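Here are the chains, one letter per residue:
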Amino acid sequence: MAAEHQINAGFIPLFDSAVLVAAREIGFAAREGVDLTLSRETSWANIRDRIAIGHFDLAHMLGPMPIACNLGLTPLASDTIVPFSLGLGGNCVTVSNTLWAGMAAHGALPDLDPARTGKALGALIRERASSGGDPLRFAVVHPHSGHNYELRYWLAACGIDPAREIEVVIVPPPFMADALAAGRIDGYCAGEPWNSVSVVAGTGHIATVKATIWKTSPEKVVGVRKAWAEKHPEALSALLRALHHAARWCQDPANRGELAALMAQPSFLGLSPALQMPILTGHLALGGGSELTVEDFFLPFGKAANFPWKSHALWFYTQMVRWGQVKHSAAHMGLARDTYRPDLYRAALKPLGVALPGANAKVEGALTAATPVGSAGASLVLGPDGFFDGRIFDPDRIDDYLAIRDWAMPTG
Amino acid sequence: MIRKSLTVLVIDENHIRASIIEAGLREAGHEQVTVVHDVAGIARRIAEIEPDVIVIDLENPNRDMLENMFQLSRVVKRPIAMFVDRSDQASIEAAVEAGVSAYVVDGLRQERVKPILDMAISRFNAFSRMARELEEARSELEDRKVIDRAKGILMRSRGLSEDAAYTLLRKTAMNQNRKISEIAQSLVTAAGLLDPGES
């Protein structure tokens, strides 16, 4: 039978494209009548351009990217919506062995504790500054990325001004490990497997991870050209159902071996299956022989990972304002909020009878433990979702959040 | 008044394509053309060259880094915008399909830059065509080799003349609605399986 819906999608070689890849390769898309074509791209700029001219109907995108498009912060910006999130967590901050040695001398331990490693990094930075050394250079994958915002959030909470005390540059994820090994950067924040690549090569040390800076925090999404979504609501709903099933399959530990082998193929990541395991198990080699298992390191499905929370969109928006990418206004805030579309997610998944969150936004950082929610009792569990500095983000009190001037945690 | 000619920076990891673009620009009268293959240290180069127009291939994974740099006035003295963003939809599509993108300094008039973009698009397309033709020539050569081997197998195993062997391959291909080279490849593979000494 010919597929009912033809959908063209772009992706970047990162593990968190797995749900899209599984939807096509394991057959979830075909079962929903969707002929899903996936094209690998080399830059987020290419994804944006090809969405804009209609080569792609939708794509694997950084969570803040569609918001930046709708706010007109990028060239070739076309109206883009987010009806599905591709997962929570999955990023690490990796530093050079030299930098790690310096941080360790200031009290950092291989425990991924953001407060402890951040404090050590701060002490090292001040020591360098007083002896006239160049500022440290950290790389992130894109200015409008969770990586950029979580790196800055972590540093600022630890008393480091990321705008003045370090340099932040952009490097594509597959080049991070090489740039670190060559000494062009001192550290980076990127998604897996590009951190484990440095650890395996013996050239980097994972200092902390996204899943400890902000537990169950948003990362990649499916960004959809709004005009296409409005014209093809049934195709979009069918795809969202396929992605739901694919995400559930990706989360199941029984499928880890098959998923790792799939993502290892040259047309996807082109790296060994062994390098795909840390993100799947949360068991990370940190460098120097240290290992640690991180709870909820990457969630492609669990804890409502696929729900496009408006509070996630709004938190990204506050970071754009905080770091000077956009001016705060009611209109801008509205554009950011309207980018994420839980209504489309609900409409597509309703026929499946699965548990859905009761609200479209939540207070981020309010849950200190895993908590059953929703009308279907224990079938949906959220959290813990805390920021490591204990701050709370209330999407109904954005002005108060933006008014905070002193972000540093009390030193003790 | 003579207008100062535009300074163009071409960023392309493909040396051949870059020189084709460069030649085109020079033919069109642009003398200030710089070609960069490696983006290491690109910020310093941009600060030195102060290009009016930057042409870059879309396969370059460093586009995100460059776009970020263009927005930071500390690195580049004048803000640089994406050219096609201000252009017509047809130009955007033609550029993306050709695999090229261009950035220009703010305030530069579109009609001064449009010919440069158009030239880059046509040279990118010409390069792709050339690469495709080379690939076709290469695979044609491969096809001819495998057909020769299949003919040899038929001549030896069935005592056919060269012409008869070729006619048999062609007839089989026509009957099965496949290419001769595919039939030849199947025969070579099968012969290899039946007699490991053959392949």
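Chain B is annotated in an unreviewed UniProt entry as Two-component system response regulator of Mesorhizobium temperatum.

Asks: Can you help me understand the overall build of chain B in this one?
Replies: When you go through chain B residue by residue, the secondary structure sums to seven helices and five strands. Scanning chain B from its N terminus toward the C terminus, one meets helices and strands in the order β-α-β-α-β-α-β-α-β-α-α-α. A compact globule built from 199 residues would reach a C-alpha radius of gyration of about 16 Å, whereas chain B, at 26 Å, exceeds it by more than 25%. Along the longest, intermediate and shortest principal axes, the C-alpha atoms of chain B span 80 × 30 × 30 Å. When burial is assessed residue by residue, chain B has 30% of its 199 residues classed as buried.

Asks: Whenever I open this one, the overall build of chain A confuses me. Can you help?
Replies: If you tally the helices and strands in chain A, you get 18 helices and 16 strands. Computed over the C-alpha atoms, the radius of gyration of chain A is 20 Å, within 12% of the 22 Å expected from 2.2 N^0.38 for a compact globule of 412 residues. In terms of principal-axis extent, the alpha carbons of chain A reach across some 70 × 45 × 45 Å. By residue count, 58% of the 412 residues in chain A fall in the buried class.

Asks: Would you explain the pairing of strand β1 (residues 8-11) of chain B in this entry?
Replies: Residues in a regular strand project their side chains so that they alternate between the two faces of the sheet. What you see with β1 of chain B is no split at all: Val 8 and Val 10 of chain B on one side and Leu 9 and Ile 11 of chain B on the other are buried throughout. In this fold, β1 of chain B hands off to helix α1 (residues 15-27) of chain B, which returns the chain to strand β2 (residues 33-36) of chain B; that crossover is right-handed.

Asks: Would you mind going over the interface of chain B and chain A with me for this structure?
Replies: Think of interface size as the accessible area that goes away when the parts come together; that is how it is often given. Taken residue by residue, the interface counts 16 residues in chain B and 18 residues in chain A. Put simply, the parts of the chain that give the side of chain B that touches chain A at least two residues each are α3 (63-71), β4 (80-82) and α4 (89-98) of chain B. Taken together, the residues of the side of chain B that touches chain A sort by class into eight nonpolar, two polar and six charged.

Asks: Explain α1 of chain B to me, please; I cannot follow it from the model alone.
Replies: Because each turn of an α-helix spans 3.6 residues, side chains separated by three or four positions end up pointing in the same direction. Residue and element names in this part refer to chain B. Taking 1.5 Å of rise per residue, 13 residues should cover 18 Å, and α1 covers 18 Å from first to last C-alpha, within 8% of that figure. Burial in α1 covers these residues: Arg 17, Ala 18, Ile 21 and Leu 25. An end-on view of α1 places all buried positions within 100 degrees of arc, on one side of the element. Pointing more than 90 degrees away from the buried face of α1 are the exposed residues His 15, Ile 16, Ala 23 and Glu 27. On its buried side, α1 packs onto β1, β2, β3 (53-57) and α5 (110-158). Trailing α1 by a residue or two, Gly 29 shows a phi angle of about 95 degrees, which is positive.

Asks: Is there a simple way to explain the packing of helix α12 (residues 233-251) of chain A against helix α17 (residues 342-349) of chain A in this structure?
Replies: How two helices pack is summed up by the angle between their axes together with the distance between the axes. Residues and elements named next belong to chain A. As a packed pair, α12 and α17 sit with axes 9 Å apart at the nearest point and diverge in direction by 80 degrees. Judged by the inter-axis angle, α12 sits roughly perpendicular to α17. Side by side, α12 and α17 meet where Leu 236, Ser 237, Leu 240, Arg 241 and His 244 of the first sit next to Leu 344, Tyr 345, Ala 347, Ala 348 and Leu 349 of the second. Of the residues assigned to the contact of α12 with α17, the class counts are seven nonpolar, two polar and one charged.

Asks: Would you take a moment to explain helix α1 (residues 18-25) of chain A for this structure?
Replies: Residue and element names in this part refer to chain A. The buried fraction of α1 is high, at seven of eight residues. Among all positions in α1, only Ala 18, Val 19, Leu 20, Val 21, Ala 22, Ala 23 and Glu 25 are buried. Residues of α1 that are buried in the fold lie against β1 (5-11), α2 (28-31), β2 (34-40), β3 (58-62), α12 and α13 (256-264). Just downstream of α1 lies Gly 27, where phi reads positive at about 100 degrees.

Asks: Teacher, can you tell me more about the domain arrangement of chain B here?
Replies: Entries for chain B in the domain assignment read domain 1 (8-132) and domain 2 (136-194). Placing the centre of domain 1 of chain B and that of domain 2 of chain B at their C-alpha centroids yields a distance of 47 Å.

Asks: Just checking my understanding: could you explain the sheet that holds strand β11 (residues 220-225) of chain A for this structure?
Replies: As a general point, the strands of a sheet are linked pairwise by backbone hydrogen bonds and lie either parallel or antiparallel. Residues and elements named next belong to chain A. Taken in spatial order, the five strands make up an open sheet running β2-β1-β3-β11-β4, and their pairing is mixed. The outermost strands of the open sheet, each flanked by one partner alone, are β2 and β4 (80-85). Mean inter-strand twist for the sheet, computed between neighbouring axes without regard to direction, equals 35 degrees. Sheet topology note: the β4/β11 ladder contains four bridges and is antiparallel. When the bridges of β11 are listed, Thr 80 appears paired with Arg 225. This element, helix α3 (residues 44-52), spans β1, β3, β4 and β11 of the sheet and lies at about 145 degrees to β3.

Asks: How should I be thinking about the domain arrangement of chain A in this particular structure?
Replies: All names here are of chain A. One can read the domain layout of chain A as domain 1 (5-88 + 218-272 + 299-351) and domain 2 (91-213). Distance from the C-alpha centre of domain 1 to the C-alpha centre of domain 2: 27 Å. Counting residues per element, the ones that place at least two in the side of domain 1 that touches domain 2 are α4 (65-70) and α15 (310-322). Residues belonging to the side of domain 1 that touches domain 2 are distributed by class as follows: 14 nonpolar, four polar and two charged.

Asks: So what exactly am I meant to see when it comes to the UniProt feature "coiled-coil region" (unreviewed entry) in chain B here?
Replies: The UniProt record marks residues 124-151 of chain B with the feature "coiled-coil region" (unreviewed entry), using the residue numbering of this structure. The span residues 124-151 of chain B is 100% helix and 0% strand, and its two end C-alpha atoms sit 40 Å from each other.

Asks: Looking at this structure, I do not really get the sheet that holds strand β7 (residues 136-140) of chain A. What am I missing?
Replies: Residues and elements named next belong to chain A. In spatial order, the strands read β8-β7-β9-β6-β10; together these five strands make up an open sheet with mixed pairing. Among the strands making up the open sheet, the edge pair consists of β8 (166-170) and β10 (204-209). Across this sheet, the average inter-strand angle for adjacent strands is 25 degrees, counted without regard to direction. Alignment of β7 against strand β9 (residues 187-191), held across two bridges, turns out to be parallel. If you follow Phe 138 over to β9, its bridge partner there is Gly 187. Here helix α5 (residues 97-105) sits on the sheet in contact with β6 (91-96), β7, β9 and β10, set at roughly 90 degrees to β6.

Asks: When you look at the environment of Leu 86 of chain A in this model, what are you seeing that I'm missing?
Replies: Residue and element names in this part refer to chain A. When you line up the elements, Leu 86 lands in the loop between β4 and β5 (88-89). On the basis of neighbour count, Leu 86 is assigned to the buried category, with 28 C-beta atoms found within 10 Å. Apart from residues lying up to four places away in sequence, Leu 86 is in contact with Asp 16, Val 19, His 60, Lys 220, Val 221 and Val 222.

Reading the values: rules and limits
- Residues numbered from 1 in each chain as written.
- Chains lettered and ligands numbered in written order.
- Predicted model: local features only at pLDDT ≥ 70, side-chain atom pairs only at ≥ 80, totals over all residues.
- Helix = DSSP H or I, 4+ residues; strand = E, 2+ residues; numbered from the N terminus.
- Rg over C-alpha atoms; globule rule 2.2 N^0.38 Å.
- Buried ≥ 20, exposed ≤ 12 C-beta atoms within 10 Å, placed from the backbone.
- Right-handed = clockwise from strand over helix to strand, strands pointing away.
- Contact = placed C-beta atoms within 7 Å.
- Nonpolar A, V, L, I, M, F, W, Y, C, P; charged D, E, K, R; others polar.
- Expected span 1.5 Å × (residues − 1).
- Arc of directions from axis to C-beta.
- Axes fitted to C-alpha atoms, helices over the stretch in contact; angles between N-to-C directions.
- Parallel < 35°, antiparallel > 145°, perpendicular 65-115°, else oblique.
- Domains from an automatic or database assignment.
- Pairing = 2+ DSSP bridges.
- UniProt positions renumbered as here; feature names shortened; annotations may be inferred.

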